[in-house]
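Geometric and topological summary
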Amino acid sequence: MTQRHDCPRLLRGALLTASLAMPLTRCTHAASADADSAKVPEVHATIERVQAGNFTQTITATGTVLAAPGSSAALSAPSAARVSRVYVAEGDRVKIGDPLVAFDPITFDAAVTRATAALTVARHAQARAERLTTAGVAPRKELDQAEAALADAEAGLAMARREKSLTVLRAPLAGVVSAVRVIRDQSVDPTQPVVELVDPRALEVVFGIPPRTAALVATGSLVQLYSGVDAESQTMGTARVVAVGSTVDAGSRTVTVRTRLSGTTGSLRVGESVAGRIAGTTTAGVITIPSEALIPEGETFHVFVVDAKSLAHSRPVKVLAQTEKVAQISQGLAAGERIVTHGAFGVDEGVKIIEPKP
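Conventions used here
- Along each chain, residues carry numbers from 1 onward, in the same order as the chain's sequence is written.
- For a predicted model such as this one, the threshold for reporting local features is a pLDDT of at least 70, and the threshold for listing and counting side-chain atom pairs is 80 or more; totals across whole chains, interfaces and linings nevertheless cover every residue.
- No hydrogens and no water enter the side-chain calculation; it runs on all heavy atoms of the structure.
- The helix and strand labels rest on DSSP assignments: H or I over at least four residues marks a helix, E over at least two residues marks a strand, and numbering proceeds from the N terminus.
- Accessibility here uses a 1.4 Å probe with only protein chains present; expressed as a share of the type maximum, an area under 20% marks a residue as buried, one over 50% as exposed, and anything in between as partly exposed.
- In short, Shrake-Rupley with a 1.4 Å probe defines the accessible areas, and a residue's cover is counted only from the protein chains shown.
- The pairing criterion is simple: DSSP has to find at least two bridges between the two strands.
- The pairing test for Phe, Tyr and Trp rings, Trp by its six-membered ring, is centres within 6.5 Å, and the orientation test on the planes gives stacked under 30 degrees, edge-to-face over 60, and tilted for anything in between.
- Should the NZ of a Lys or the CZ of an Arg lie within 6 Å of a ring centre and within 35 degrees of the ring normal, that charge is described as sitting over the ring.
- For a helix, the expected span equals 1.5 Å multiplied by the residue count minus one.
- Residues count as neighbours in contact if any of their non-hydrogen atoms are within 4.5 Å of one another.
- Under this definition, polar contacts are N or O atom pairs within 3.5 Å; protein pairs additionally need one hydrogen-donor-capable and one acceptor-capable atom, and for neighbouring residues in sequence, both atoms have to be side-chain atoms.
- Fitted lines through C-alpha atoms give the axes, limited to the stretch in contact for helices. The angle between two N-to-C directions lies from 0 to 180 degrees.
- Any angle between 65 and 115 degrees counts as roughly perpendicular, while under 35 counts as roughly parallel, over 145 as roughly antiparallel, and the rest as oblique.
- Each helix crossing is assigned a hand: it is left-handed if the near helix lies turned anticlockwise from the far helix by less than a right angle, otherwise right-handed if that turn is clockwise.
- Charged residues are taken to be Asp, Glu, Lys and Arg, nonpolar residues to be Ala, Val, Leu, Ile, Met, Phe, Trp, Tyr, Cys and Pro, and polar residues to be all remaining types, Gly included.
- On a range of 0 to 100, pLDDT expresses the predictor's confidence in each residue.
- Should a side-chain nitrogen of Lys or Arg be within 4 Å of a carboxyl oxygen of Asp or Glu, the pair is scored as a salt bridge.

Attention now goes to the overall build of the protein. Along the protein, the regular secondary structure elements total four helices and 22 strands. Residues counted as buried form 33% of the 358 residues belonging to the protein. With the model as given, the accessible surface of the protein reaches about 21,500 Å², and the carbon-plus-sulfur share is 55%.

Now for the sheet that holds strand β5 (residues 81-86). The four strands lie next to each other as β8-β7-β5-β10, forming an open sheet whose pairing is antiparallel. For this open sheet the edge positions go to β8 (168-170) and β10 (187-188), each flanked by a neighbour on one side alone. Of the pairings in the sheet, the one linking β5 to strand β7 (residues 99-103) comprises three bridges and is antiparallel in character. Each residue of the ladder has a partner; that of Val-86, found in β7, is Val-101.

In this section: the packing of aromatic side chains. What the rule picks out here adds up to zero aromatic pairs. If you follow Arg-277 out to its NZ or CZ, it ends over the ring of Tyr-226, 4.0 Å from the centre.

On to helix α2 (residues 105-135), then. The first and last C-alpha atoms of α2 sit 46 Å apart over 31 residues, in line with the 45 Å expected at 1.5 Å per residue. Along α2, the residues classified as buried are Phe-108, Ala-111, Val-112, Ala-115, Leu-119, Ala-122, Gln-126, Ala-129 and Thr-133.

Moving on, we get to the environment of Val-188. Mapped onto the secondary structure, Val-188 falls in strand β10. What Val-188 contacts, discounting residues up to four positions off in sequence, is Ala-77, Ser-79, Ala-80, Ala-81, Val-83, Phe-103, Val-182 and Val-194.

With that settled, the discussion passes to the sheet that holds strand β4 (residues 72-76). What the four strands build is an open sheet, ordered β4-β11-β9-β6; its pairing is antiparallel. Each end of this open sheet is capped by a strand with a single partner; those strands are β4 and β6 (93-94). Bridging between β4 and strand β11 (residues 193-198) involves five bridges; their strand directions are antiparallel. Residue pairing for β11: Ala-73 is matched across the bridge by Leu-197.

Now for the side chain of Thr-254. On the secondary structure map, Thr-254 appears in the loop between β14 (235-244) and β15 (255-264). Reaching out from Thr-254, the side chain makes a polar contact with the side chain of Ser-252 at a distance of 2.7 Å.

Even without glycine at this site, Asp-185 takes up a positive phi of about 70 degrees. Its location among the elements puts Asp-185 in the loop between β9 (175-180) and β10. For Ser-310, which is not glycine, the phi dihedral falls at a positive 70 degrees.

In this section: the environment of Val-206. In this structure, Val-206 sits in strand β12 (residues 203-209). Measuring from C-alpha to C-alpha, the distance between Val-206 and Ser-273 comes to 9.6 Å, with 67 residues separating the pair along the chain. When sequence neighbours within four positions are dropped, the list of residues in contact with Val-206 reads Gly-63, Thr-64, Leu-66, Thr-256, Val-257 and Arg-258.

Of the pairings in the sheet, the one linking strand β16 (residues 273-290) to strand β20 (residues 326-331) comprises four bridges and is antiparallel in character. The partner of Thr-288 across the bridge, within β20, is Gln-328. Strand direction decides the pairing type here: strand β19 (residues 312-322) and β20, joined by four bridges, are antiparallel. Directly across from Ala-321, in β20, lies its bridge partner Gln-328. Counted between consecutive antiparallel strands, the loop separating β19 from β20 contains three residues.

When two helices pack together, their arrangement is given by the angle between their axes and by how far apart the axes lie. The contact between α2 and helix α3 (residues 140-165) brings their axes to 8 Å, and the two run at 160 degrees. It follows that α2 is roughly antiparallel to α3 by the angle criterion. When the axes of α2 and α3 are compared, the crossing they make is left-handed. For the contact of α2 with α3, the residue count by class is 16 nonpolar, four polar and ten charged.

We now examine the confidence of the model for the protein. Model confidence for the protein is summarised by a mean pLDDT of 86, while 86% of its residues fall at 70 or above. Segment residues 1-5 is flagged for pLDDT under 50; beyond a separation of four residues in sequence, or across chains, it makes zero contacts in the model. Scored below 50 in pLDDT, residues 33-37 makes zero contacts in the model with residues more than four places away or belonging to other chains.

The next thing to look at is the pattern of salt bridges. Pairing between side chains becomes possible if they bear opposite charge and their charged atoms approach one another. Evaluated as defined, the whole model comprises ten salt bridges. Arg-82 serves as the salt-bridge partner of Asp-185, at 2.4 Å between the closest nitrogen and oxygen. Of the two residues, Asp-185 sits in the loop between β9 and β10 while Arg-82 sits in strand β5, which places them 103 residues apart along the sequence. According to the relative accessible area criterion, Arg-82 is partly exposed, its value standing at 31%. One salt bridge connects Arg-258 with Glu-204, and the closest N-O pair in it is separated by 2.6 Å. Linking Arg-258 in strand β15 with Glu-204 in strand β12, this pair joins segments that are 54 residues apart in sequence. Here the salt bridges share partners, and the residues they tie into one network are Arg-82, Asp-104 and Asp-185.

Here is the structure:
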């Protein structure tokens, strides 16, 4: 009888043990499911540490290629004449003294003949006035007038001879013919340029930039030249600032910045437009970050700071100045902090940052 009573008791104990185990199993499965659903999203991006360093302001502007002072020439006829020969064409290279354009010499020979005759008459008149004045027959005033006329005649002959020497225009400098504005048998006058030269080794790029920006530019600043302002721009060489204007142009409201070419990778021509990135003032010991780390929010910016668990957190920053590659931060970051740089636009608050393998 005792054995029959013990069996039901053992059965009830087993059932109770099983019933207690079943809820524990269900709780374990539920906790595992919750953990899977709460897994932090991961994003692949580059992390860099914030550093204090030097920041150089860069000014981007469009300039025009011009001939440097003294490296170009525009030549015209010494007086009204007819073109008898043209020796050069646009693009020709010339040396100092090479013939460019010749004029009909008849006009110049006739001018020398007239000036010589006028000088002879003036000399005779001066001699006669001097004799009469010495004899007391003529007043001193007539001698003064005769001497003035003689001086004019001498100057006239000198001018006529000079013009005759310019019957053939010759290159005053070595360079390239940039323009030929006459043809054979064309009549010209001294106000009309007939041929222009430029030395391609002495070119400048002149920029017009806002006054406040011009204050950041100093003589000697480096300028990078490009064919355009976009990322596909071709490098055209470098230049150095040689002068910063002291006045503001009334029309464009800009200040002129002259730069002298120091090295080119291609052929620049007078009148060509190029883009330039002018190095401005440099500030030392400031917080700088790559510009790609900045996320714009209207007129403000924020960055993603990465904590010790590699989680990204948005933080507003104040940008004091910015170039294409680097930004100067005046508020919001400290040296040593880690931020997301490349890939920042794909990051959200609280995600885990996975750095790409090297």
